[in-house]
Every structure is written in C-alpha cells, then in structure tokens.
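# Working through the structure, step by step
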Amino acid sequence: MNWLISGNKKRINIADIPVLNIEDLRFEIINLNKRVIGFFGKKEFDKTRLFVVMADDSEGKLYISSSIFEADKKSYESITKEVPAFHVFEREFYEEFGIEPVGHPWLKPMRDHKKEYEFFEMKGDEVHQVAVGPIHAGVIEPGHFRFMCHGEKIYDLEIQLGWQHRGVEDLFLSVPTNQLAESVCGDSVIAYNLAYSNAMESLGECEITNKAQLIRLIALEMERCAIHIGDLGAIAGDIAYLMGASIFGATRTLVINTMLEISGNRFGRGLITTGGVNFAIDKELSNTIISTLNKVSADVERTIKTMLKSPTVASRLEKTGVVSEENARSLGLVGMAAKASGVNIDTRFDFPDKWYQDIENRSTKADGDVYSRTRLRYKEIKQSIYIIKKFLSKLELYADEMNIVYVPQPKPNSFVVSLTEGWRGEVVHIALTDDNGNLSRYKIKDPSFNNWFALAMAVRNNGISDFPLCNKSFNLSYCGNDL
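Not measured: the values here are computed from a predicted model.

### Looking at empty space enclosed by the protein
A water-sized probe, rolled over the atoms, reveals where empty space remains. For the structure shown, the criterion picks out 5 cavities of 30 Å³ or more. The volume enclosed by the largest cavity comes to roughly 90 Å³. Breaking the lining of the largest cavity down by element, the ones donating at least two residues are α6 (210–238) and α7 (242–263). In terms of residues, the lining of the largest cavity owes the most to one element, α6, which gives 4 residues. For the lining of the largest cavity, the residue count by class is 8 nonpolar, 1 polar and 3 charged. What the second largest cavity holds in volume is close to 70 Å³. What lines the second largest cavity is simply I37, G38, F39, F40, F89, E92, V428, I430, K443, I444, K445 and F449. Elements supplying a minimum of two residues to the lining of the second largest cavity: β4 (35–44), α2 (87–97), β15 (426–433) and β16 (439–445).

### Observations concerning the packing of α6 against α7
Two numbers describe a pair of packed helices, the interaxial angle and the distance between the axes. In contact at an axis separation of 8 Å, α6 and α7 are set at 160 degrees when each is read in the N-to-C sense. When the interaxial angle is binned, α6 and α7 end up roughly antiparallel. For the crossing formed where α6 meets α7, the hand is left-handed. Seen from α6, the contacting residues are A219, M222, E223, C225, A226, I229, G230, L232, G233, A236 and G237; seen from α7, they are G244, A245, F248, T251, R252, V255, I256, T258, M259 and I262. Within the contact of α6 with α7, the residues separate by chemical class into 13 nonpolar, 6 polar and 2 charged.

### Some thoughts on the nonpolar core
Counting residues in each nonpolar core, the largest one holds 105 residues, and the members touching the most others are F145, F172, I281, M307, L317, F391 and L455. Looking at this core, the element that brings in the most residues is α6, giving 14 residues. Not counting the four nearest positions on each side in its chain, F145 is found in contact with V130, A131, V132, H136, L157, E158, I159, W452, L455, F467 and Y478. Residues L20, V36, I79 and F86 belong to the second largest nonpolar core, which totals 24 residues.

### Concerning helix α13 (residues 370–395)
For α13, which comprises 26 residues, the first-to-last C-alpha distance of 37 Å matches the rise-based estimate of 38 Å (1.5 Å per residue) to within 8%. With respect to burial, α13 is a largely interior element, 19 of its 26 residues being buried.

### Observations regarding the sheet that holds β16
Reading across the sheet, the 4 strands line up as β2-β14-β15-β16 and stay open at both edges, with antiparallel pairing between neighbours. Every other strand in the sheet has two partners, leaving β2 (12–13) and β16 as the edge strands with one partner each. Direction of pairing for strand β14 (residues 414–421) relative to β15: antiparallel, over a ladder of 7 bridges. Within the sheet, the bridge partner assigned to V417 lies in β15 and is I430.

### Here's the deal with the pattern of salt bridges
Following the criterion strictly, the structure yields 35 salt bridges and no others. For E426, the salt bridge is made with R35, and the minimal N-O distance between the two is 2.9 Å. With E426 in strand β15 and R35 in strand β4, the pair connects residues that are 391 residues apart, well separated along the chain. In this structure, E426 and R35 share a single accessibility class: buried. Between R111 and E92 there is a salt bridge, with its nearest N and O atoms 3.0 Å apart. Note that R111 is positioned in the loop between β8 (100–102) and β9 (127–132) and E92 in helix α2, a separation of 19 residues in sequence. E92 matches R111 in its accessibility class, with the two residues each being buried. Because the salt bridges share partners, they merge into one network encompassing E92, E96, R111, E169, R441 and K443.

### Regarding the side chain of Q160
Topologically, Q160 is positioned in strand β11 (residues 153–160). Under the relative-accessibility criterion, Q160 is labelled buried at 10%. Not counting chain neighbours up to four residues away, the residues in contact with Q160 comprise H113, Y117, F119, G143 and H144.

### Thoughts on the pairing of β4
Along β4, 8 of the 10 residues are buried, which leaves the element largely enclosed by surrounding structure. Bridging between β4 and strand β5 (residues 47–56) involves 9 bridges; their strand directions are antiparallel. Within the sheet, the bridge partner assigned to G38 lies in β5 and is V53. Adjacent in sequence and paired antiparallel, β4 and β5 are bridged by 2 residues, among which F45 carries a positive phi angle near 60 degrees.

### A closer look at the pairing of strand β10 (residues 144–150)
Most of β10 sits inside the fold, with 6 of its 7 residues counted as buried. Bridge count between β9 and β10: 6 bridges; the pairing is antiparallel. Bridging from a neighbouring strand, V132 pairs with F145 of β10. Across 7 bridges, β10 lies against β11 in antiparallel orientation. If you follow R146 over to β11, its bridge partner there is E158. Taken together, β10 and the strand that follows it, β11, pair antiparallel across an intervening segment of 2 residues, in which G151 is found at a positive phi of about 65 degrees.

About the thresholds
Residues numbered from 1 in each chain as written. Predicted model: local features only at pLDDT ≥ 70, side-chain atom pairs only at ≥ 80, totals over all residues. Heavy atoms only, no water. 1 Å grid on protein atoms, 1.4 Å probe; cavity = no way out; pocket = protein on both sides within 12 Å on 5 of 7 lines; lining within 4 Å. Points joined across faces, edges and corners; volume = space filled by probe spheres on them. Helix = DSSP H or I, 4+ residues; strand = E, 2+ residues; numbered from the N terminus. Nonpolar A, V, L, I, M, F, W, Y, C, P; charged D, E, K, R; others polar. Axes fitted to C-alpha atoms, helices over the stretch in contact; angles between N-to-C directions. Parallel < 35°, antiparallel > 145°, perpendicular 65-115°, else oblique. Left-handed = near helix turned anticlockwise from the far one by under 90°. Contact = heavy atoms within 4.5 Å. Core = buried A, V, L, I, M, F, W, Y, C linked by side-chain atoms within 4.5 Å. Buried < 20%, exposed > 50% of the residue type's maximum accessible area, 1.4 Å probe, protein only. Expected span 1.5 Å × (residues − 1). Pairing = 2+ DSSP bridges. Salt bridge = Lys/Arg side-chain N within 4 Å of Asp/Glu carboxyl O.

This is the structure we're talking about:
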C-alpha cells in the first residue's frame, strides 16, 4: 500500500507512513486524483523527507505518504505541470529546502525577499503598470500588487507576499501554547486555536468533554458569523451602499460583544485551552445569546435583501470578479472562494464529527462572481445561527460536565492532521513528534495560501476600479500566508 489512510484528528505512527522514491510518489499523486492539503518537508539528519497529505472529501479520508531526498538530490519533476493545485505547495517546498520542481511554470519566491522577484511583464505601447503596496493607506497588512493594464482594463495582476515572515512554525517547536495558536491569524482566533488544541489532544490520545466540544463549536460558528457580517459591511462600503455598511457594522458588534460576554474577549482569546475551555455557558447566558442572535438574524436578512434588490448594487456585484468552477478546481481553492464557484467543499461536513453529522449543508448560488461570494456569506450567517442554537440546546444535557480535562504528553514518533473549517475555509495544522514526544515539525496551512491566486484570476478583464471590491469579496489573509 503506497498510502496510509487516516482521518481528521487521528494520531498515526510516523513509521507507518509509506516511503516511496519521488518518481513513484509523483505518479501516485497524479493518479490518486485527490485534493492536496499538505506538501511539506522535514530535515532528517542530512536528508529531507517530503510528506504529502491528500484529502478525499467525498469519503472523509486522508491519504498520507512520503519520499526521502538524499543530500545530493536537489530536484524532481514538477507535479504542478499535471496538477496545477500544487503550484504554491511546490514553491514553498523549494524555498524552504532548495529542492527544485523542474518544469514548474511559476517558480517564484513565496516569502523570501532575499531573492530577486521578477514580475511578469506585458509589452505594448498602451500597456502600463500600476504598483500598489506593500505599504497601504490604512491598517491592513503588507502586500504588493502589480497590475498590467490597458487603459482601465486589467490584463494581469501579480501578488507578491511574504513581507512579514514571522517564523511561526518554528515558534511552535519551542513554545507550543494556545496563546501562540490564537495569535497566528487575528481574525481567525477560534479556528486556529481549535485546530491546534485538537492536534495536541490527538497526539496525547485525549478526548475532551461533550460540554467543551460544544462550547468550542459555538464559538467557531460565532466567529464565522461575526466576520461574514463585517465583510458584508465592507463590500457595501466599497460600492458606496452606506446604509448597508452602517447596519452590518453595528450588527457585527452585537456578535463580537456576545463573544466578550462568554470569554472576556471580543475575538474569543483565552476561551479555548488544550483539554477543553476556560469558560462555560450557563442557561442565562445561553438565553442571552439566542436573543441577540434572533435580532442579528432579522437585521441581516432585512438588510441583505434590501441591498441585493437594488439595481445599482446588482450592477456592481454581478459578473464582477468571476472565477469559473474549472479554475477553482484546478487551482485547488477552498472555503468561500471554492463554494462561490461551485466547488462545494467544507470540512465541517466532509470530515464531520458527531455534532455536524445531522446538519444539512445546502449549496447556494455559484456563479463565481462577487455577487455569489456576497450571497454565500449571508447563507453561512443564517446557517451558523441555526447551528449555534442547535448546539446551545444540546449543551444543556452536559451542564454538569467538566470544562477541562488533563491532556497527557504527546505520544512519541506520531503524526496528526487537524482540520478546522474557519470562516475563510479549511485551517490545516499538521504536527509531528520526536522520540521523546516533543514537537519536531509543525506545519500550518491557511485557506489564503490556496486562494490568493484566485484573486489575481478574478480581476482579469475587469476595470482597475473594481479591484478593491474583488479584493474585499475574498478578504484573504496576509499573515495567514506569511507564516
């Protein structure tokens, strides 16, 4: 068997992961026809071991294999030529370990600014370049955008990131804490902390209480709800629909203030800890949450329906920033970006735990444009509110359970993949331990890692004035990419 088949949050022994030569592994990847979620290296003395994790979303299974590069082997034939979704994974692996994917069509630095970055250029008397960033007018993080334009029309956009590489993955080897996990990506505090906690609990073969599980998932859905509402306001603001911007902004505040009541922090910092949660939700607080969410639901529904009925709004959103289903699949998009283009993947439902198994996941309008991404946010807000209420009702059954349980030391020589569906899409944490049970490799993949190239595709043949709107409709993370 050339693949070890596992599942989400399942500890496996590293020794059980198959080792193939890179030519055979490449052949296996191409013919397996699954979705890549992990492609990363680990130093083993003077050798480099490449680990590959592929997802079978229809079956909820993970396929894991590996290959070892001897010290003198510095190249292999690129997989991207056959499976374009590997393009960023291979670029990152090359940057970190210097092993070249020969024939890669776009082998440029991901985060390394010591190397010269050669931008794509178009020739022509009437073609001009527009450079934006990396420093922006506002509080957003750094990223450089290079537009190739003919008049107002965008022919091509190239995005250069990596301006704030923080060495996060190495930090997890020396100070693996919940505080570090929830600080990696500031608008996904719950998703990141949950992925980390699940990984550490799996390594220690510890199962937390039903009470703690439900509170974590309630917080995860509240985070999704809050950010989506804020993004609806941002999209409204970008098209000068100021009533929507104002109402959505105020409505988001209701949600994050409710999170404040639960944990003492509007973004949920300090709520999740390895082994459970630091704060409980009693009956009185549960009633307050439900009451607040009823108002939130009504306000969002009324505002979005009014907004989308406006002809001027529709003219800005429809057929703007289109990413086709074919391109979404080919590029390996995840989360909202994928679903809005008709690729219906969601780890909550594709790799469900016992709480999500009986929740229906309906598709929504999927034309791949800004309108679809806007409409999808509304659908997910409504869905999250329904899930929160459902989980709150279940929580009453476990009111007497403990908030936190003891988590044993991670098992030695272990490997675990922890998937959590954040509001942008899947957050992937992969943890490996050494002979003593200490972390020896910690790999993180933010959904933005997959989706930044989709923004570049979306703006082609659009007016440059539509770029802010397209950008906001994805709302990708700089720090999630610049680990």
